[in-house]
Structures are given as structure tokens and as C-alpha cells.
Amino acid sequence: MNELAIGSDNLAKTYGNIRAVDGINLNVRRGAIYGFLGRNGAGKTTTIKMLLGLSHPTAGSVHVLGMDVLSHRMAILQRTAFVSEKKTLYASLTPSELVRLSRGFYPTWSDHAVEKYARLFEIPMKQRFEKLSNGNQTKVSLLLALSQGADLLILDEPTTALDPVSVDQLLHVLAEDAGDRGCAIFFSSHQLEEVEQIAENVGIIEHGKLLIESRLDDIKTHFRLITAAGNALPSQTSPQILSVDTEGNFYRYLVTKDAEGFAADLSQNGAIVTNMIPLGLREIFLQLVRKEQVCTSGNAGATPVLSSSSF
Amino acid sequence: MYFWKCWRDTRSLFFILLIIAAVIMPVAAVVCVGTGLLEEFGLSAGLSMFGLLGMIAALGLGVLGASEEFAEKTVQFLFTKPRTRAYFVWAGWAVGCIELLLIALVNLLVGWVTLSRYTANPFHSTLFGSVTAQQIVDNIVGGLILFLFVYCLTYALTALLRNGLKGLGASMGIVFGLPFFAVVTRWRWKIDVPIPANHIGTLPVMISNVIWILVALLFVFAAQLVVERSEI
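Conventions we followed
Residues numbered from 1 in each chain as written. Chains lettered and ligands numbered in written order. Predicted model: local features only at pLDDT ≥ 70, side-chain atom pairs only at ≥ 80, totals over all residues. Pairing = 2+ DSSP bridges. Helix = DSSP H or I, 4+ residues; strand = E, 2+ residues; numbered from the N terminus. Axes fitted to C-alpha atoms, helices over the stretch in contact; angles between N-to-C directions. Contact = placed C-beta atoms within 7 Å. pLDDT = per-residue confidence, 0-100. Nonpolar A, V, L, I, M, F, W, Y, C, P; charged D, E, K, R; others polar. Buried ≥ 20, exposed ≤ 12 C-beta atoms within 10 Å, placed from the backbone. Expected span 1.5 Å × (residues − 1). Domains from an automatic or database assignment.

Asker: If you had to explain the sheet that holds strand S4 (residues 33-38) of chain A to someone new, which residues and values would you point to?
Answerer: All names here are of chain A. If you walk across this open sheet you meet the six strands as S7-S8-S9-S4-S10-S11, and the pairing is mixed. Lying at the two open borders of the sheet, with one neighbouring strand each, are strand S7 (80-83) and strand S11 (209-215). The sheet shows a mean angle of 15° between the axes of neighbouring strands, direction not considered. Summarising the sheet, S7 and strand S8 (residues 152-156) pair through four bridges and their orientation is parallel. Counted as the bridge partner of Phe82 is Ile154 from S8. Strands S4, S8 and strand S9 (184-189) of the sheet are contacted by helix H6 (residues 164-180), whose axis makes an angle of about 135° with S4. Contacts from helix H10 (residues 281-290) reach S4, strand S10 (201-206) and S11, with the element oriented near 25° to S10.

Below, the structure is given as C-alpha cells:
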């Protein structure tokens, strides 16, 4: 059996001249919690749509639960729960009626889970969806996804509109309940603290490109930010050097492994290593996305920043 | 369960139209007792009411059946359920179609019973004169095919445009604009444009009817093909 819940190979999506997703290779293990990070417009939602067959890849391929999305879409959807970014459901239905509607689609549906999460999230089950607060609407979407008994949960910014207590409850549910069932969770977010709290693996996407995919433990253990001063030091990225910032003779390297060895090499080349610090997810994220100077946001189609000489 | 959802979306309009369909002829008959109007105009009034009510039901159910299902915002929820998009298109269509037929049949049955009860000869009216049962059946079949045509067109356009008002507007534009267009093409270029549910050229009535039914279903099939290929 394929060990990957999600696997993509050079997955790409273009809209006209805009490359919304640019050849990404995702590897999400079964049973793992994977945080898919990126700024607004970085390509997270487009990627998720391709995972679910809502949007067709321009190039590359994607497998979900070991099956090709294009040829086995129904079988994948049977075992995959999804919460969309907008979380818009039928306005005139109550949560109870939405449960009634959704139940019929899934043989693995659990009414016990419905009761449990309705109580936990304090959802008014008899109130029309349109009358619910934004937070409760989000909770209803999550309740439907969690009660499905799915092997894979795909959540597009699931904590939007939730209060801190609800966020905490949700993260607990995802980490404990879904984790216990061996359900893989792929969730997009730009809330780094939440991702750091529960994710085992992270991927950071920017301008449609997957800048990094790694285990969170590896990031904490091995990733280092090295600052050095010297002449003609290495300025190219590599599997070991994730990013390089230069300012005059000062270099700042984001190193993924063997930071001590790399620092020693720099010293041998006459550089003075001034700093070598471990990094958290937040620092790495900022370090990586700040490198992108072309656009004002993570959006692949955003207007380029004009330099002062352009005016 | 999905059929239940479709039924739930349309049941209010269905019940309102069903009640109107069931009471309008009896109420009119009771009001007109002793005036002689029923004997004079009963059949033509009954068939006119049938046509008007059927058109309203076809347009209303066509819009309601598809507008929420394929609205921009809820379509992600719907199309990530483990069913084909064709299933959703045809399930919504089927529920509305059954409701439309029920409304039409109830209106016909109650109308016929009313005319039989309150008039000496239900086959006679001032407008139509004396008509045969075959002529009445042809009128009714023609009406039902027209309703189906309008319903399918409205449903398909609403699904494609993902908006109830736009779907209704486009459908009404076609349905009410087509006769004018046909008149213009005949007057200007001597070309006969077939009008829905009317005879096509010199074809037998049965063949014309089958063709109009297939054209109506073709709208839904076209909507299905577009919905299946659309990016969400």
C-alpha cells in the first residue's frame, strides 16, 4: 500500500500568464498532520482544489490515498473530508439538516461524533445556517468534516473566525481524535503558532513554489541561521542552504543541516562567522518569504513593487 | 438524502402552486354559478389557467431547483461529496420535473371534474366551439411539452450561470423573445423558426413532440457537460 496520503509530482496550475502553483512535490504521509503554510494568494487554496479534483492541474500529477485524482475522484472523495476556506453551506438549512444531508453520502458517517462535537463546540443545531455567527458557521463545517469518518482531512484555513477557546478545542480534536484514528490531516494556514502546536510536517509555499517541506522536529533540531562576514562567500542556494541574504560583505544563510560543518567551511574560506542561531517555524517562514522581493504579497499575480527609479 | 434536499428547497413553491392548481377552477365555478359564464367560457378558461400556471411553475421550479445548488458559494461543498456532478444536475432536475408534472396533473384533473360537475357539456366553449377529446388531449400534451421545455431551459441556464435571477432572465428572454424572433425571420427572410411545442414543418405531431422533448432534455445534458468540466 502506498504510504502517502497525498503525493504530487511537479503539480502545476496556470491561469493565463499566472503560475498559481508552480511544480510542487508534496509528500504527506498517512496518519500525519501536515501544515501547509503560505501567505494570502501563495497558492494554498489552488493546490487544495487540485487535490480534490475541483480544479484540473495544468501539468504534473497528484495522488490522494494512493489513487490518481483524475481517474479515482469518487473513491477519494468517499474517504476525504474537506472544509473550504469560505465555509459557506446552505443558508436555509439548520446544522441538524446539514448533518442529515451529509450522512447519506458516507458509509463511515458517525452520529456519535456529531453529538460529541456539537456538544464540544456548543453548536446550536436547530438554528438556520444563515443565522449562525461566523464562528459557529465554521464550527458546523468542521463538525461535518470530523463526523465523516474520513481517512484524510483537508482543511483550508480551518481556524478562521474561531475564538481562541474554539481554536484550542479544534487543535486538540485534530491532534487527539483524528490522530488516534490514523487519519491524515492536511491543513493550510498562516497561523504559525497553530501549525507549530500540532503539525508533524510542514510545507511552505510562496508564489506557487514549495520552498520547503520538512519534519517540524528536523527544523527545530537542524535548521540554523548563520551570519558571516567575508569576501566572495557562497551565494547560491542548495539542499543544504535554503536561502542566502547578502548586504555588502555580510552574508546570512538559512542552513537546513550540518550547520557546524558549513560554518567551519566558511571559516576556512576566511569568513568570520558572527552568529549561528537555531530557528523556530516563525523565523524560518519570515526568512523564506521575505526573500521574495518581486511582489507585495505572496500572490503570484500581484503587482510588482516598483523601485523609486521607476517613477 | 440529496433528493430530500432538493425537495426541501422547492417544496414551498410546490405547495403554493399545487393549492392554486387545485382550488382555482372550483372557486371560479362556485363564483360563476348561475351566470352562464361557465358554460360559455369554462373550457377555454380551464386550458388558459392550465397554461399560465404551468409556465409559472416551470420558470419558478427551474430557478429554485438550480439556483442554490449551483450557486458560486455552495458548489465547493456540493462537489466534494462522493457523487458525480451529473448526479447532482439530474437529481435536482428530476425533483422539480416531478413537481411540475404533479401541479399540471392536479390542475387538469380538478379542472375537468369541475367542468363536468358544473356544465352540461364540458367539450364546448364560446372561444373554441365544440371540441373533440382528441383536440383537448393534443392541447394538453402540447402544454406539458412546453412546460418541460421552459423548465429544462430555465434549470440549465440557472445551473450554468450559477445565479437564479440571471437564469430566470435569460430563460424568459428566450421563451418570450423566440416567437417575436420567429415572426421577424419569417417576414424578413421567409424562414420558419420552430416554436417550442408547435409542429415542426410537416412532421407528424408525435415526431414533433418527441423532438421537442429531446431538445428540452438536451439543455440539461448540455448543462451537465459544462458543469462537469467547469473549474470551481
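On we go.
Asker: Hey, could you go over the confidence of the model for chain A for me, with residue numbers and the actual values?
Answerer: The predicted coordinates of low-pLDDT regions are not to be read in fine detail. Residue and element names in this part refer to chain A. Predicted confidence across chain A gives a mean pLDDT of 86, with 93% of residues reaching 70 or more. For residues 292-298, every residue scores under 50 in pLDDT, and the model assigns this stretch 21 contacts once sequence neighbours within four places are set aside. Residue range residues 301-311 is modelled with pLDDT below 50. Its contacts to residues more than four positions away, or to other chains, number eleven contacts.

Asker: Tell me about the confidence of the model for chain B, residues and numbers included.
Answerer: Residues of chain B with pLDDT of at least 70 account for 100%, and the chain-wide mean is 89. Note on the complex model: pTM 0.85, ipTM 0.82.

Asker: Describe the interface of chain B and chain A, and please don't skip the residues or the numbers.
Answerer: Contacts between the two partners involve 16 residues from chain B and, on the opposite side, 19 residues from chain A. Those elements that place two or more of their residues in the side of chain B that touches chain A are helix H1 (2-32) and helix H3 (75-79) of chain B. Here the element with the most residues in the side of chain B that touches chain A is H3 of chain B; it accounts for three residues. Among the residues forming the side of chain B that touches chain A, the class breakdown is six nonpolar, four polar and six charged.

Asker: Describe the environment of Met172 of chain B, and please don't skip the residues or the numbers.
Answerer: Residues and elements named next belong to chain B. Secondary-structure assignment places Met172 in helix H6 (residues 164-189). The exposure class of Met172 is partly exposed, given the 16 C-beta atoms found within 10 Å. A sequence separation of 33 residues divides Met172 from Val205, and the C-alpha atoms of the two residues are 26 Å apart.

Asker: Quick rundown of helix H3 (residues 95-103) of chain A? Include the residues and the values.
Answerer: Residues spaced three or four apart along an α-helix point in a common direction, a consequence of the helix completing one turn every 3.6 residues. Within H3 of chain A, the full set of buried residues consists of Pro95, Glu97, Leu98, Val99, Leu101 and Ser102 of chain A. The inward-facing, buried residues of H3 of chain A contact helix H4 (111-121) and helix H5 (134-146) of chain A together with H1 of chain B.

Asker: Describe helix H5 (residues 133-161) of chain B, and please don't skip the residues or the numbers.
Answerer: Taking 1.5 Å of rise per residue, the 29 residues of H5 of chain B would be expected to cover 42 Å, and the 42 Å separating its terminal C-alpha atoms lies within 8% of that figure. Directly after H5 of chain B, the chain includes Arg162 of chain B, whose backbone phi takes a positive value near 55°.

Asker: Please provide a residue-by-residue account of the sheet that holds strand S13 (residues 241-247) of chain A, values included.
Answerer: All names here are of chain A. Spatially, four strands are ordered S13-S14-S12-S15 in an open sheet, and the strand pairing comes out antiparallel. Strands at the two margins of the open sheet, each flanked by one partner only, are S13 and strand S15 (272-278). Taking the axes of each pair of neighbouring strands and ignoring which way they run, one obtains an average angle of 15° across the sheet. Sheet strands in contact with H10 are strand S12 (224-229), S13 and strand S14 (250-255), and its direction is about 65° off that of S13.

Asker: Report on the environment of His124 of chain B, specifying residues and quantitative values.
Answerer: Residues and elements named next belong to chain B. Tracing the backbone shows His124 in strand S1 (residues 124-125). Separated by 83 residues in sequence, His124 and Phe41 place their C-alpha atoms 8.3 Å apart. In contact with His124, other than residues within four places in its own chain, are Leu43, Gly129 and Ser130.

Asker: Before we move on, can you summarise the domain arrangement of chain A with the specific residues and values?
Answerer: If you check the domain split of chain A, you get domain 1 (4-216) and domain 2 (222-310). A C-alpha centroid distance of 32 Å is found between domain 1 of chain A and domain 2 of chain A.

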